[in-house]
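# Architecture and fold: a report
Residue strings, one per chain:
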Amino acid sequence: MTIALKPHHLEAAYDCLRAMPPFDGWSGKLPEGETVEFHVTRARDHFGWHQSFKKSHHLIAVSSTNVGHLVTLMHVMGHEMIHLYQSEYGYETKGATHNADFQRRQRLLCKIHGFDFGILR
C-alpha cells in the first residue's frame, strides 16, 4: 500500500522540513508553504521538480508514480527545497542543476535526516 499523494501532503512535507535543520539554520528563509504551488504528477522519468517563474513564485511537483512512501516524499521534497533555496538566493549556476553548492547542501540534508545520498543526485 502506498500514499495517494495530494498537494496538501506536499505542502505538509515542505512545512515540516522548513522548520527543521538544515533549512531552519540557513541564512535567508524559505517561503512559507502556503505561498508555494504544489502539484502531484504521474511522471515516470523523475521523482520531482522545482520551477521558479520569477523570484518568489515557486512550483514544486512530485510524481505519485515514483513516490508512494513518506520517507521518499521527505527526501524528494528536501531535494526540491534545495533547488528552491538556490533559486531564491542566487546560488544556481547556468547549466548545472546540481552544482557544488547543491551537492554540499544535499549531503548535509541526507546526513541529518538519514536519506541515501546516492538516490537523488
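Residues numbered from 1 in each chain as written. Predicted model: local features only at pLDDT ≥ 70, side-chain atom pairs only at ≥ 80, totals over all residues. Heavy atoms only, no water.

### Quick notes on the overall build of the protein
The helix and strand tally for the protein stands at three helices and three strands. Starting at the N terminus and ending at the C terminus, the protein contains elements arranged as α-β-β-β-α-α. Its C-alpha atoms give the protein a radius of gyration of 13 Å, near enough to 14 Å, the size a compact globule of 121 residues would have. By its C-alpha atoms, the protein is 40 × 30 × 30 Å across when sized along the principal axes. Sequence separation of 24 or more characterises 50% of the internal contacts of the protein that already satisfy a separation of 6 or more. Put simply, the protein shows about 6800 Å² of open surface, and 54% of that area lies on carbon and sulfur atoms. A distance of 5 Å separates the average location of the 13 positive side-chain charges in the protein from that of its 12 negative side-chain charges. (Helix = DSSP H or I, 4+ residues; strand = E, 2+ residues; numbered from the N terminus. Rg over C-alpha atoms; globule rule 2.2 N^0.38 Å. Contact = heavy atoms within 4.5 Å. Areas by Shrake-Rupley, 256 points an atom, 1.4 Å probe, with all protein chains shown as cover. Lys, Arg positive; Asp, Glu negative; His and termini not counted. Charge placed at Lys NZ, Arg CZ, Asp CG, Glu CD.)

### Focus on the pattern of salt bridges
Any two side chains of opposite charge can pair, on the condition that their charged atoms come close. Going through the model one piece at a time under the given rule, you end up with two salt bridges. Across the pair Asp-101 and Arg-105 runs a salt bridge, and its minimum N-O distance is 2.8 Å. Note that Asp-101 and Arg-105 are positioned in helix 3 (residues 100-113) at a spacing of four residues, about one turn of the helix. With a relative accessible area of 16%, Asp-101 lands in the buried category. (Salt bridge = Lys/Arg side-chain N within 4 Å of Asp/Glu carboxyl O. Buried < 20%, exposed > 50% of the residue type's maximum accessible area, 1.4 Å probe, protein only.)

### A short note on the nonpolar core
Membership of the largest hydrophobic core comes to 27 residues, with the highest contact counts inside it found for Tyr-14, Phe-23, Ile-60, Val-62, Met-77 and Met-81. For this core, the secondary structure elements donating two or more residues are helix 1 (7-18), strand 3 (57-63), helix 2 (70-89) and helix 3. In terms of residue count, helix 2 provides more of this core than any other element does, eight residues in total. Contact partners of Met-77, with chain neighbours within four places excluded, come to Leu-10, Ala-13, Tyr-14, Leu-17, Phe-38, Ile-60 and Val-62. (Core = buried A, V, L, I, M, F, W, Y, C linked by side-chain atoms within 4.5 Å.)

### A word on the sheet that holds strand 1 (residues 37-41)
Strands sit in the order 1-3-2 across an open sheet of three strands; the sheet is mixed. Each end of this open sheet is capped by a strand with a single partner; those strands are strand 1 and strand 2 (48-54). On average, each strand axis in the sheet is tilted by 20° relative to the strand beside it, whichever way the strands run. Sheet analysis places strand 1 next to strand 3, joined by five bridges and oriented parallel. For His-39, the partnering residue across the bridge sits in strand 3 and is Ala-61. (Pairing = 2+ DSSP bridges. Axes fitted to C-alpha atoms, helices over the stretch in contact; angles between N-to-C directions.)

### Some remarks on the environment of Leu-10
Tracing the backbone through its elements, the reader meets Leu-10 in helix 1. On the basis of relative accessible area, Leu-10 is assigned to the buried category, the value being 0%. For the pair Leu-10 and Leu-73, spaced 63 residues apart in the sequence, the C-alpha separation amounts to 7.8 Å. In contact with Leu-10, other than residues within four places in its own chain, are Leu-5, Phe-38, His-39, Val-40, Ile-60, Val-62, Leu-73 and Met-77.

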